[in-house]
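Spelled out from the first residue to the last, the chains are:
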Amino acid sequence: MVSYLVIVLFVAVAAIVSGITAETLSNNSFDLYNTNLQSIKTIYSVQEGVLNSKATLIQGYYENDPTFTEGRINTIRVYNNKNMKEYREKYLRAEMKKSWDKFEKELLQFRDLTDEAVSLLKEERREEAHSVLQKIDASLDVIETTLDNLVSEELKLAADKNKSNQAITVASERTLFMINILVLITALALGFIMTRYITRILKQGVELALALSQGNLNYSISYKSGDEFGRLISALNDAQGK
């Protein structure tokens, strides 16, 4: 009974360790996908919106249609503002706030230059608009660098979480391996003890049976237990008395 309880205890510990490990890995994986990877996707959407604004402005410059260009850029801004709000409210971490604030300032400058270029196109001041487009190119380069840095930070955090998951998995495997070894050692030790115990009782029973077969009625065994061996020895002692 004791051996059974010990083995059950080890199995229960192994199950608890496995459950905790599975829950931790699940939480980390959920956070990895819903925070890091989704935030990277949102950053790329914001970057795409900025690039689309620049492409729309260039198209408007060559097609000489500033009204359509202005409307298209405003539509892109609405979509981009939505993505930026989502990132700020859902994914922005304290350690990335400085980089994100820097990006917002750069984006504001980019938008001011874009508005200036559109205004110049409306006034048909194309040479001045072309000069502003060159400034927009430089501003866009700065924005892309900042956004790339944000993505790099997110990827680093994702890599750290992935390493954490791997470390947890390795630690869990080692723990379960040790528990299995302990279960095996305990089972072997208990089996050895029980074997010696059973062998000793059976040996005494055999000696008593031999004594009875030889007519020795004074030979007895002192063994008091309510288990099967106790009942067997008691029955042999009773048979000797009769």
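Preceding block: the structure.
Residues numbered from 1 in each chain as written. Predicted model: local features only at pLDDT ≥ 70, side-chain atom pairs only at ≥ 80, totals over all residues. Heavy atoms only, no water.

Okay, the packing of aromatic side chains next. Any two aromatic rings considered together are summarised by their centre-to-centre distance and by the angle between their planes. For the coordinates displayed, the defined rule picks out four aromatic pairs. Ring centres of Tyr61 and Tyr62 lie 5.1 Å apart, and the angle between their planes is 85 degrees; this geometry places the pair in the edge-to-face category. For Tyr62, a relative accessible area of 64% corresponds to the exposed category. Residues Tyr87 and Tyr91 carry aromatic rings whose centres are separated by 6.4 Å and whose planes lie at 55 degrees to one another, so their mutual orientation is tilted. Of the two residues, Tyr87 and Tyr91 are both situated in helix α2 (residues 66-91); the distance of four residues between them amounts to about one turn of the helix. Here Tyr87 and Tyr91 have matching classes, each one buried. Counting every residue linked through ring pairs, the aromatic cluster contains Tyr87, Tyr91, Trp100 and Phe103. Over the ring of Tyr61 we find Arg126, and its NZ or CZ is 4.3 Å from the ring centre. (Phe/Tyr/Trp six-rings, centres within 6.5 Å; stacked < 30°, edge-to-face > 60°. Buried < 20%, exposed > 50% of the residue type's maximum accessible area, 1.4 Å probe, protein only. Helix = DSSP H or I, 4+ residues; strand = E, 2+ residues; numbered from the N terminus. Lys NZ or Arg CZ within 6 Å of the ring centre and 35° of its normal.)

A few words on the environment of Arg93. Inspection of the secondary structure puts Arg93 in the loop between α2 and α3 (97-122). Remark: the alpha-carbon pair of Arg93 and Thr35, spanning 58 residues in sequence, is separated by 9.9 Å. Engagement of the side chain of Arg93 in a polar contact is seen with the side chain of Glu154, the distance being 3.1 Å. (Polar contact = N/O pair within 3.5 Å; in protein donor to acceptor, adjacent residues only side chain to side chain.)

Within the element layout of this structure, Arg77 appears in helix α2. For Arg77, a relative accessible area of 14% corresponds to the buried category. Within polar-contact distance, the side chain of Arg77 engages the backbone oxygen of Arg111 at 3.1 Å. Residues contacting Arg77, with those up to four places away along its chain left out, are Arg111, Thr114 and Asp115. (Contact = heavy atoms within 4.5 Å.)

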